[in-house]
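Notes for the structure review
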Amino acid sequence: MVPFLNLKEITARHRSELLEAAARVIDSGWFIHGREHEAFEQEFAAFHGPCQAIGVANGLDALTLVLRAWIQAGILHEGDEVIVPANTYIASVLAITENRLVPVLVEPDDRTFNLDPSRLADSLTPRTRVILPVHLYGQAADMPALCAFAEKHRLLVLEDCAQAHGALIDGKRVGMWGDAAGFSFYPGKNLGALGDGGAIVTRDPILAEHLRALRNYGSHLKYQNRYQGPNSRLDELQCALLRVKLTHLDEDNQRRRAIALRYRTGIRNPAVRLPQVARDEASHVWHLFVVRVDSREAFVQHLQAAGIQTVVHYPIPPHQQECYPALHSLDLPLTSAIHREVVSLPISPVLSDADVDAVIAAVNAYAG
Ligand SMILES: *Cc1c(COP(=O)(O)O)cnc(C)c1O
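Quick summary incoming for the structure in this document. Note that residues are indexed from 1 along each chain, following the sequence as it is written. pLDDT decides what is reported in this predicted model: residues at 70 or higher carry local features, side-chain atom pairs at 80 or more are listed and counted, and totals for whole chains, interfaces and linings draw on all residues regardless. Calculation of side-chain values draws on the structure's entire complement of heavy atoms; hydrogens and water are dropped beforehand.

Turning to the sheet that holds strand E1 (residues 52–56), a few remarks are in order. By way of backbone hydrogen bonds, the strands of a sheet pair with one another, either parallel or antiparallel. Strand pairing is assigned whenever DSSP identifies at least 2 bridges connecting the two strands. Secondary structure elements follow DSSP: runs of H or I no shorter than four residues count as helices, runs of E no shorter than two count as strands, and numbering proceeds from the N terminus. Overall, mixed pairing links the seven strands, which are arranged E1-E9-E8-E5-E4-E2-E3 in an open sheet. Whereas interior strands pair on both sides, the edge strands pair on one side only; in this sheet they are E1 and strand E3 (102–106). Neighbour-to-neighbour, the strand axes of this sheet turn through a mean angle of 25 degrees, independent of strand direction. Relative to strand E5 (residues 156–160), strand E4 (residues 128–131) runs parallel, the two being bridged by two bridges. Across the sheet, Ile-131 pairs through a bridge with Val-157, a residue of E5. Two residues qualify as a contact provided that any one of their heavy atoms is within 4.5 Å of a heavy atom in the partner residue. Axis definition: a line fit to C-alpha positions, over the contact stretch in the case of helices; interaxial angles, taken between N-to-C directions, run 0 to 180 degrees. Of the strands in this sheet, strand E2 (81–85), E3 and E5 touch helix H5 (residues 90–98), which is tilted by about 150 degrees from E3. With respect to the sheet, helix H8 (residues 205–214) is in contact with E1, strand E8 (180–184) and strand E9 (198–202), its orientation differing from that of E1 by roughly 20 degrees.

The next thing to look at is the packing of helix H3 (residues 35–48) against helix H9 (residues 236–246). As a packed pair, H3 and H9 sit with axes 8 Å apart at the nearest point and diverge in direction by 35 degrees. You can see that H3 and H9 cross each other, and the crossing is left-handed. Touching Arg-35, Glu-36, His-37, Ala-39, Phe-40, Glu-43, Phe-44 and Phe-47 of H3 are Glu-236, Cys-239, Ala-240, Leu-242, Arg-243 and Leu-246, all from H9. Residues were grouped as follows: Ala, Val, Leu, Ile, Met, Phe, Trp, Tyr, Cys and Pro as nonpolar; Asp, Glu, Lys and Arg as charged; and all remaining residues, including Gly, as polar. Grouping the amino acids of the contact of H3 with H9 by side-chain chemistry returns eight nonpolar, one polar and five charged. For any helix crossing, the convention is left-handed if the near helix is rotated counterclockwise from the far helix by under a right angle, and right-handed if that rotation is clockwise.

To continue, consider the packing of aromatic side chains. In this analysis, rings of Phe, Tyr and Trp, with Trp reduced to its six-membered ring, are considered paired at centre separations within 6.5 Å, and the interplanar angle assigns stacked below 30 degrees, edge-to-face beyond 60, and tilted for intermediate values. Applying the stated rule across the entire model yields nine aromatic pairs. Between the aromatic rings of Phe-44 and Phe-185, the centroid separation amounts to 5.4 Å while the plane-to-plane angle is 90 degrees, which identifies the pairing as edge-to-face. Here Phe-44 is found in helix H3, whereas its partner Phe-185 is found in the loop between E8 and E9, with 141 residues between them in sequence. Summarising the burial analysis for this pair, Phe-44 and Phe-185 share the class buried. Whether a residue is buried, partly exposed or exposed follows from its accessible area with a 1.4 Å probe, protein chains only, as a fraction of its type maximum: under 20%, in between, or over 50%, in that order.

Before going further, it helps to examine helix H13 (residues 353–364). Residue count minus one, scaled by 1.5 Å, sets the expected span of a helix. The end-to-end C-alpha distance of H13, which contains 12 residues, comes to 16 Å, matching closely the 16 Å that a straight helix rising 1.5 Å per residue would cover. Taken as a whole, H13 has its buried residues at Val-356, Val-359, Ile-360, Ala-362 and Val-363. Relative to the axis of H13, the buried residues are bounded by an arc of 165 degrees and lie together on one face. Packed against the buried residues of H13 are helix H10 (249–266), helix H11 (296–305) and strand E13 (342–345). It is the directions from the helix axis to the C-beta atoms that the arc portrays.

The next subject is the pattern of salt bridges. Side-chain pairs of opposite charge can arise whenever the charged atoms involved come near each other. Just to be clear on terms, a salt bridge is a Lys or Arg side-chain nitrogen sitting within 4 Å of an Asp or Glu carboxyl oxygen. Counted by the stated rule, this structure contains 21 salt bridges. Residue Glu-41 pairs with Arg-215 through a salt bridge whose shortest N-O separation is 2.7 Å. One end of the pair, Glu-41, is in helix H3; the other, Arg-215, is in the loop between H8 and strand E10 (219–221), and 174 residues separate them in sequence. When its relative accessible area of 6% is taken as the criterion, Arg-215 is described as buried. In this structure, Asp-80 and Arg-129 form a salt bridge, with 3.9 Å as the shortest nitrogen-oxygen distance. Linking Asp-80 in the loop between helix H4 (59–72) and E2 with Arg-129 in strand E4, this pair joins segments that are 49 residues apart in sequence.

Our focus in this paragraph is unusual backbone geometry. In this model, His-313 is joined to Tyr-314 through a cis peptide bond whose omega is 10 degrees. A positive phi is found at His-33, a non-glycine position, where the angle reads about 45 degrees. Here His-33 lies in the loop between helix H2 (15–28) and H3. For Tyr-137, which is not glycine, the phi dihedral falls at a positive 65 degrees. Its relative accessible area of 4% is what places Tyr-137 among the buried residues.

Take a look at the structure:
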């Protein structure tokens, strides 16, 4: 049996380090916004370069709060448009609509699943204010081209880095290209907490200060509230655990790359389309290894019979979700095809070469 994701084993590798970190918090008697939080914010920022990191409760909040801060600062207004890839995970779109902004869903590059810079001009209107690229499945979007487009048209760039912690473009991490970036530490992400967590990264010190207040009831000083804000804090325990896991992130990503390379060279089946890497190997951290097939149900059943678990990311695109009836009439054929055809094969830092080979053999034996 090859499980899709073995979180128990992923966590067990660092059991003693994690227990030590947890004990430090338990013994400190300080559980919200203390030393661990401060240290994690600094270490997560340092991992990226000259920027600030702001811990928040989850990845959705990270994206939502950045847009909210721009609204509160008068930079964005209700009804402004945000360009977002149509095939993203629903959270990217929820962050937009939560702020009464308008998502403009754009078809992705069919080969990379990411925003296609050449398609943006057609989506531009006088209300366009933000581009929200998503580094989907772990592959960095084409940030040099997207940022050049944003600069030309005076748009803000908010990166959704929830699936791509540590990915690099020309030596620069994702999250450092846009005006701000949102990260998720949901347990299954490349950098996962042992519960919920998220962070914002930005090089803009004014935005950072605003966000530090916003995430904590809008309070800049204890019992003084500058803004109306939610409670979206990252707790001491998760910060202590994330500090441990951050030290292993690059090596975990390296292992994911090795597995992906094994898949990409070992899988030879004309009925199975492999994911493509647009740049160098460093630009992809393989949160998911997503292949495309015409008959998904048959493929999934074939693998299941061979003892291999798969998951579909994602079966229904945002514009066809029940919660967005106004978007149902959109015609997005590339996006709809992606959602019909994609299947994610097992990938994680603890997947053994023997398991990878078992997956390759089973995929190659699929008759199509
Ligand atoms: C996981 C994820 C999010 C949201 O993160 P949560 O921590 O679950 O709120 C946002 N965008 C993308 C692309 C994600 O994969």
